[in-house]
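Here is what each chain is made of, one letter per residue.
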Amino acid sequence: MTLSKLAVVVLAAGQGTRMKSTRPKVLHQVAGRTMLDHVLEAVAGLEPERVVVVIAPDMPAVAKAVAARPDGRVRTAIQDRQLGTGHAVACAKNALTGYHGPDGSGDVLVVFGDTPLLTSATLTALCARRQAADAPDLLGLAFEPADPAQYGRFVLDDNGQVLRIVEYPDASPAERAIGLCNAGVLLGNGPVLFSLIERLGTDNAKGEYYLTDLFALASTAGHRTGVGEADPAEVLGINSRAELAAAEAVLQRRLRAEAMADGVTLVDPATTWFSADTRLGRDVTVQPNVFFGPGVVVGDDVEIRAFCHLEGATVETGAVIGPYARLRPGTVVGAGARIGNFVETKNTVLGPGAKANHLTYLGDAQVGAKANVGAGTITCNYDGFGKHLTSIGEGAFIGSNTALVAPVRIGKGAIVGAGSTITEDVAADALAVGRGPQKAHPGAAKRFRQRRESVGTGQKAGAGKKKGSSGKKKALKRRKDG
Ligand code: UD1
Ligand code: CA
C-alpha cells in the first residue's frame, strides 16, 4: 500500500568521517550501485509525490548523481552545516513547499542515505500503518540486531508507545541494555513533524539536533507514536569500510537467492558476484567465480563458465561464455554465439552463432552471424588518438593470429589467411592473405645443426686450453654467422 500524499526526505549531508574517504559516504557502492541509489530505488517503490535529498554544500558529486537520475522527481536541499539529523530534515522544508506535507495533510518519510539494504516492502508496510483509523502521528522503524552496538535505542511504554529514542552516547547502562534499535527511518504526519522539529534542542552528548528527539517531544505533547519492525539485515547503517563490506555480503546473499529462485543455476553461489541490476534469464548456468558488473543482461539457456568478468554486456539466448572471458561495456553476444577462453570484447556486437573461441581481442567491432574468429585475432582499434571500427561479414572466417587494422571491413563469406595483417577492406567471398612470403632453404636446418654440434665438440675439446685459444675464437665467429 502506498500513501497518496507522501514526500520523502533522504539525509545524506553527513561527512561520513569514519569512512576515511574523500568521496561522500552515500556515493560508496554496494553491489555496483551507490548507497544513495539503493535508497532512492527503495523509496521509488512508494511512488512518492516528491523526494528531497539533503546534502552538504561541498557535495557537488552527490547533486550531480541526483540530477542524473532518470525519474527526475528527486531534488536536493543544502544543509550548510551538519548540525544533526533533526536539523537536516528542517533544511528540506523549503524544498517541500507547494507539497501538501508540511502545511497540508500529507505524510513525510525520512530515510538515511547510509542504509542501502532497506527494501520497498518494509517501507510500504510502515506506510500502511499510517492508513489505520487510529494511526500513530509518528512512527519509527526498529530492529533487534545480534549486537546493538552504537545504534539509538527505543524506549517504549507498556502500550508500545514510543516514549523516546535515546542515542548511544547519551544512554545509561540500563538503556544500553535495550535490544530494540533505531533503524533511522521515520514516518509522520507532515505538519506535526515539522512543528515538532522547530522545538528540537542540542542538549545532548554530541551537541546536535537529533531527529530521534522528535519522539520524546511527540509523546510529551500527547501525539500517538508507534514503531514498526524490520529485519536486522535490512537496516544495517554504513559508517565504516567494515560495515560497507558487511552490507555487500548481505546484499550478495540476497541477489544470489533471488537469482536461484528465478531459475538460475549457480554452481557455487558463494563465488558468484552480482550487481544490483544484473538480469538473468531462465536456465542460465553460472559456473564458479563469475563477476557481474553493472548493466549485464543475460538471456535464457546461457552458460557462463568459470572465471568470467562481465560488465555492461548483453548475452542472448543459448550463448556460451568463457571460461576466462571478459565482456566489457557495449558487448552484445548474439543467440547461440560462443566467446571462449581469454577473449576480451568491448563495444562489439556478435551476430547469432558467431564464434571467437580463443585468445582474442574484439574492440569496436561488428561480427556477422556465424562468422568464425580464429585464435589470437586482434582488432587494432586504437591509433593513439581515436577508436576505429572493424566489421566482419556474416559467415566470414578469420584465420588465427590475424591483426585487423581498423577501420577495416571484411566482406560476407570472406576468408582471411592465418597470420595476416589486414589493412585494406576484403571483398565478400574473397580470400585475403597479408603476411611475408615464406622462404625455404633445403638442407639448411641440417647444416645449422651440424655447425652447432661441432661448436659443442670444439668447446669440449678446448676445455682446459688457455683463454683466447684459436678454437674458441672460431667457435665465436661461427656463432655470429649462425
Ligand atoms: C543515526 C540515529 C540512530 C540510529 C542510526 C541508524 C540520530 C541522531 N541517530 O545515528 O538513532 O540508530 O542512525 O543507522 O538520528 N546526516 C545529515 N546531516 C547531519 C547529520 C547526519 O544529513 O547533520 C545524515 C548522514 O549523512 C546519514 C544520516 O543522516 O546519512 C545518519 O547520520 P549518522 O551520523 O550516520 O547517524 P548515526 O550516528 O549512525
Ligand atoms: Ca549512520
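Residues numbered from 1 in each chain as written. Chains lettered and ligands numbered in written order. Predicted model: local features only at pLDDT ≥ 70, side-chain atom pairs only at ≥ 80, totals over all residues. Heavy atoms only, no water.

I keep staring at the overall build of the chain and nothing clicks. Help me out?
Secondary structure assignment for the chain yields 11 helices and 34 strands. Taken against the 2.2 N^0.38 rule, which gives 23 Å for 482 residues, the C-alpha radius of gyration of the chain at 33 Å runs more than 25% over that of a compact globule. Each of the three principal axes of the chain carries a C-alpha extent, and together these read 110 × 65 × 40 Å. A total of 482 residues make up the chain; the buried ones form 46% of that total. Sequence-distant contacts in the chain: of pairs separated by 6 or more residues, those separated by 24 or more amount to 45%. Split by element, the accessible area of the chain, about 23,200 Å² in all, is 51% carbon and sulfur. Looking at charge distribution, the chain has the averaged site of its 55 positive side-chain charges lying 22 Å from that of its 47 negative ones. (Helix = DSSP H or I, 4+ residues; strand = E, 2+ residues; numbered from the N terminus. Rg over C-alpha atoms; globule rule 2.2 N^0.38 Å. Buried < 20%, exposed > 50% of the residue type's maximum accessible area, 1.4 Å probe, protein only. Contact = heavy atoms within 4.5 Å. Areas by Shrake-Rupley, 256 points an atom, 1.4 Å probe, with all protein chains shown as cover. Lys, Arg positive; Asp, Glu negative; His and termini not counted. Charge placed at Lys NZ, Arg CZ, Asp CG, Glu CD.)

Mind showing me how you'd approach the site of ligand 1 here?
Lining the immediate environment of ligand 1, one finds 24 residues, of which Gly14, Gln79, Gly84, Glu167 and Asn182 sit closest. One nitrogen or oxygen atom from the main chain of leucine 11 is found 2.9 Å from an oxygen atom belonging to ligand 1. Residue aspartate 114 places a side-chain N or O atom 3.2 Å away from an oxygen atom belonging to ligand 1. Burial of ligand 1 by the protein amounts to 90% of the accessible area it has alone, namely 760 Å². Here the shell around ligand 1 is composed, by residue class, of nine nonpolar, 10 polar and five charged. (Near = heavy atom within 4 Å. Polar contact = N/O pair within 3.5 Å; in protein donor to acceptor, adjacent residues only side chain to side chain. Nonpolar A, V, L, I, M, F, W, Y, C, P; charged D, E, K, R; others polar.)

Just checking my understanding: could you explain the packing of aromatic side chains for this structure?
Each pair of aromatic rings is reported with the distance of its centres and the angle of its planes. Per the counting criterion, the structure on display carries six aromatic pairs. A ring pair is formed by phenylalanine 154 and phenylalanine 215, whose centres lie 6.0 Å apart and whose planes are at 75 degrees; its orientation type is edge-to-face. Of this pair, phenylalanine 154 sits in strand E8 (residues 153–156) while phenylalanine 215 sits in helix H8 (residues 214–220), and the two are 61 residues apart along the sequence. The two residues phenylalanine 154 and phenylalanine 215 agree in class, both being buried. A ring pair is formed by tyrosine 324 and phenylalanine 342, whose centres lie 5.2 Å apart and whose planes are at 15 degrees; its orientation type is stacked. Residue tyrosine 324 is located in the loop between strand E21 (320–321) and strand E22 (326–327), and its partner phenylalanine 342 is located in strand E24 (residues 338–350); the two are separated by 18 residues in the primary sequence. Residue class for tyrosine 324 comes out partly exposed when judged on its relative accessible area of 39%. Residue phenylalanine 342 is classed as partly exposed on the basis of its relative accessible area, which comes to 48%. (Phe/Tyr/Trp six-rings, centres within 6.5 Å; stacked < 30°, edge-to-face > 60°.)

In this structure, what is going on with the pairing of strand E4 (residues 50–55)? I would like to understand it.
Look at any regular strand and the pattern is simple: side chains alternate between the two faces of the sheet. With six of six residues buried, E4 lies mostly within the body of the structure. Neither face of E4 is left uncovered, since the one carrying Arg50, Val52 and Val54 and the one carrying Val51, Val53 and Ile55 both have all their residues buried. The pairing of strand E1 (residues 6–11) with E4 spans five bridges and is classified as parallel. If you follow valine 10 over to E4, its bridge partner there is valine 53. With five bridges joining them, E4 and strand E5 (residues 74–78) adopt parallel strand pairing. For isoleucine 55, the partnering residue across the bridge sits in E5 and is isoleucine 78. What joins E4 to E5 is helix H2 (residues 60–67), and the crossover it makes is right-handed. (Pairing = 2+ DSSP bridges. Right-handed = clockwise from strand over helix to strand, strands pointing away.)

What is the right way to look at the coordination of the calcium ion (ligand 2) in this model?
For the calcium ion (ligand 2), the full set of protein donor atoms is Asp114 (OD) and Asn239 (OD1), at a range of 2.4 to 2.6 Å. Taken together, the residues span a long stretch of sequence, with aspartate 114 in the loop between strand E6 (107–112) and helix H5 (120–129) and asparagine 239 in the loop between strand E11 (225–229) and helix H9 (241–261) at a distance of 125 residues. You'll find aspartate 114 and asparagine 239 in the same group, each marked buried. (Donors = N, O, S within 2.8 Å, 3.2 Å for Na, K, Ca; no water.)

What is the right way to look at the layout of surface pockets in this model?
Gaps left between atoms show up when a probe the size of a water molecule is rolled over them. Volume-wise, the largest pocket comes out at about 1,300 Å³. Residue lining of the largest pocket: 47 residues in total, with Arg18, Lys25, Asp114, Lys206 and Asn239 positioned closest to the centre. Going through the elements one at a time, helix H3 (85–91), strand E10 (181–189) and H9 are the ones with two or more residues in the lining of the largest pocket. Residue classes in the lining of the largest pocket are distributed as 22 nonpolar, 17 polar and eight charged. (1 Å grid on protein atoms, 1.4 Å probe; cavity = no way out; pocket = protein on both sides within 12 Å on 5 of 7 lines; lining within 4 Å. Points joined across faces, edges and corners; volume = space filled by probe spheres on them.)

Where do I start with the domain arrangement of the chain in this structure?
Frequently, the measure chosen for interface size is the accessible area that the parts lose on association. Taken domain by domain, the chain holds domain 1 (6–235) and domain 2 (264–432). Placing the centre of domain 1 and that of domain 2 at their C-alpha centroids yields a distance of 46 Å. Contact with domain 1, which involves four residues of that partner, is made by six residues of domain 2. Buried surface at the junction of domain 1 and domain 2, both sides included, amounts to about 310 Å², of which 64% is carbon and sulfur. The largest contributions to the domain 1 side of the interface with domain 2 come from Ala31, Gly32 and Arg33, which together make up 95% of the buried area. At the junction of domain 1 with domain 2, the criterion picks out zero salt bridges. (Domains from an automatic or database assignment. Buried area = accessible area lost by both parts, 1.4 Å probe. Salt bridge = Lys/Arg side-chain N within 4 Å of Asp/Glu carboxyl O.)

Please explain helix H7 (residues 190–197) as it appears in this structure.
The element H7 is extensively covered by neighbouring structure, given that six of its eight residues are classed as buried. The N-cap residue of H7 is asparagine 189: its side-chain oxygen and the backbone nitrogen of valine 192 are 3.0 Å apart.

How should I be thinking about empty space enclosed by the protein in this particular structure?
Within the structure shown, the criterion is met by one cavity of 30 Å³ or more. Roughly 50 Å³ of volume is contained in the largest cavity. What lines the largest cavity is Phe112, Gly140, Ile165, Asn182, Gly184, Val185, Leu186, Leu211, Thr212 and Phe215. The element that contributes the greatest number of residues to the lining of the largest cavity is E10, accounting for four residues.

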